[in-house]
Amino acid sequence: MRRLPAVVAVVVAVPMLVAVLVHALGDDREGTWPAPERRRPDLSGRTLDGRPFTLDGLRGSPVLVTVWASWCDPCREEFPLLVAAARDLRGVRVLGVDLRDAAGAARAFLTETGATSFPHLSDPDGRLALELGARGVPETFLLDRDGYVVDRLIGTLTPGWIEAHVQPLLDP
């Protein structure tokens with residue numbers, strides 16, 4: 001009987017905690033979360049093939065930025081969609097940010113997935129992911145034509161998310 005108050009407290013507290021988290025985090029099944037405050041991330045550095053890169057070179061186009069790693073199975077699942085987006089979506093640029101990965105493993109991953117047609121920044125210390133506000137991999141950020149973060153997706157990219165979030169930036 002002495003345990004009864006503790007059990008009642010847990011039974012009451014756990015559903016309340018779940019309700020608070022669901023409300024705070026949202027209930028979007030696609031994993032879309034509100035974009036952080038309107039800001040323009042500084043994404044610059046060296047690409048996996050050693051070239052210097054700055055995001056300024058992509059201004060004027062919406063940019064789909066994916067944070068990925070070769071050891072991430074969901075990343076492997078979404079890369080065919082990213083390759084198709086880079087190839088088929090007129091006016092959209094795609095940029096990869098390879099998070100905390102060995103360069104050789106990352107390059108092998110890109111070759112395997114056919115994702116060598118768009119640039120990938122190396123992010124061995126996680127600085128670029130933090131600049132974006134990423135919490136893990138895979139995570140996708142959508143930047144408008146001026147380089148501001150306007151949307152984000154935590155989890156695996158889907159055709160439905162591209163249609164709902166990227167396509168409107170392309171329509172005149």
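Here, every reference points to the structure presented above.
Note that the coordinates shown come from a computational prediction; the quantities given were computed from them, not determined experimentally.

Rules used throughout
Residues numbered from 1 in each chain as written. Predicted model: local features only at pLDDT ≥ 70, side-chain atom pairs only at ≥ 80, totals over all residues. Heavy atoms only, no water. 1 Å grid on protein atoms, 1.4 Å probe; cavity = no way out; pocket = protein on both sides within 12 Å on 5 of 7 lines; lining within 4 Å. Points joined across faces, edges and corners; volume = space filled by probe spheres on them. Buried < 20%, exposed > 50% of the residue type's maximum accessible area, 1.4 Å probe, protein only. Helix = DSSP H or I, 4+ residues; strand = E, 2+ residues; numbered from the N terminus. Pairing = 2+ DSSP bridges. Arc of directions from axis to C-beta. Contact = heavy atoms within 4.5 Å. Core = buried A, V, L, I, M, F, W, Y, C linked by side-chain atoms within 4.5 Å. Expected span 1.5 Å × (residues − 1). Phe/Tyr/Trp six-rings, centres within 6.5 Å; stacked < 30°, edge-to-face > 60°.

Trainee: How should I be thinking about empty space enclosed by the protein in this particular structure?
Mentor: The probe, sized like a water molecule, is rolled over the atoms to show the empty space still left. For the coordinates displayed, the defined rule picks out one cavity of 30 Å³ or more. Considered as a void within the structure, the largest cavity measures approximately 30 Å³ in volume. Lining the largest cavity we find Leu55, Leu58, Arg59, Ser61, Val63, Asp144, Arg145, Asp146 and Gly147.

Trainee: Looking at this structure, I do not really get the pairing of strand E7 (residues 139–143). What am I missing?
Mentor: Within a regular strand, the side chains alternate between the two sheet faces. The buried fraction of E7 amounts to five of the five residues, a majority that puts the element mostly inside the structure. Alignment of E7 against strand E8 (residues 149–154), held across five bridges, turns out to be antiparallel. Paired with Glu139 across the strands is Ile154, a residue of E8. Taking the residues between adjacent antiparallel strands as the criterion, E7 and E8 are bridged by five residues, where Gly147 takes a positive phi near 90 degrees.

Trainee: Teacher, can you tell me more about helix H3 (residues 103–113) here?
Mentor: The set of residues buried in H3 consists of Ala106, Phe109, Leu110 and Thr113. For H3, the buried positions fall inside an angular range of 95 degrees around the axis, keeping them on one side. H3 presents Thr111 and Glu112 as exposed residues on the side facing more than 90 degrees away from its buried surface. Buried residues along H3 sit against strand E4 (63–68), helix H2 (73–88), strand E5 (93–99) and strand E6 (120–123). Positioned one or two residues after H3, Gly114 has a phi angle of 75 degrees, which is positive.

Trainee: Hey, could you run me through the nonpolar core in this one?
Mentor: Core analysis: the largest hydrophobic core is formed by 25 residues, its most contacted members being Leu64, Trp68, Phe79 and Val166. Looking at which element gives the most residues to this core, the answer is H2, with five residues. For Val166, the residues in contact, after removing those within four places along its chain, are Leu64, Leu89, Val92, Leu142 and Trp161. Leu58, Val97, Leu99 and Leu128 belong to the second-largest nonpolar core, a separate cluster that totals 18 residues.

Trainee: Mind showing me how you'd approach helix H5 (residues 159–170) here?
Mentor: Working note: α-helix, 3.6 residues per turn, so residues spaced by three or four point in the same direction. The first and last C-alpha atoms of H5 sit 15 Å apart over 12 residues, in line with the 16 Å expected at 1.5 Å per residue. Among the residues of H5, Trp161, Ile162, Val166 and Leu170 are the ones counted as buried. Summarising the axial view, the buried residues of H5 lie within an arc of 120 degrees, below the 170-degree limit, and thus occupy one face.

Trainee: It is not clear to me how the packing of aromatic side chains should be interpreted in this structure. Could you clarify?
Mentor: The description of an aromatic ring pair rests on the distance of the ring centres and on the angle between the ring planes. For the structure on display, the rule yields four aromatic pairs. Here the aromatic rings of Trp68 and Phe79 are separated by 5.4 Å at their centres, their planes lie at 70 degrees, and the arrangement is edge-to-face. One end of the pair, Trp68, is in strand E4; the other, Phe79, is in helix H2, and 11 residues separate them in sequence. Comparing Trp68 with Phe79 shows no difference in burial state: the two are buried. Within the aromatic cluster, the residues linked to one another by ring pairs are Trp68, Phe79, Phe109 and Phe118.

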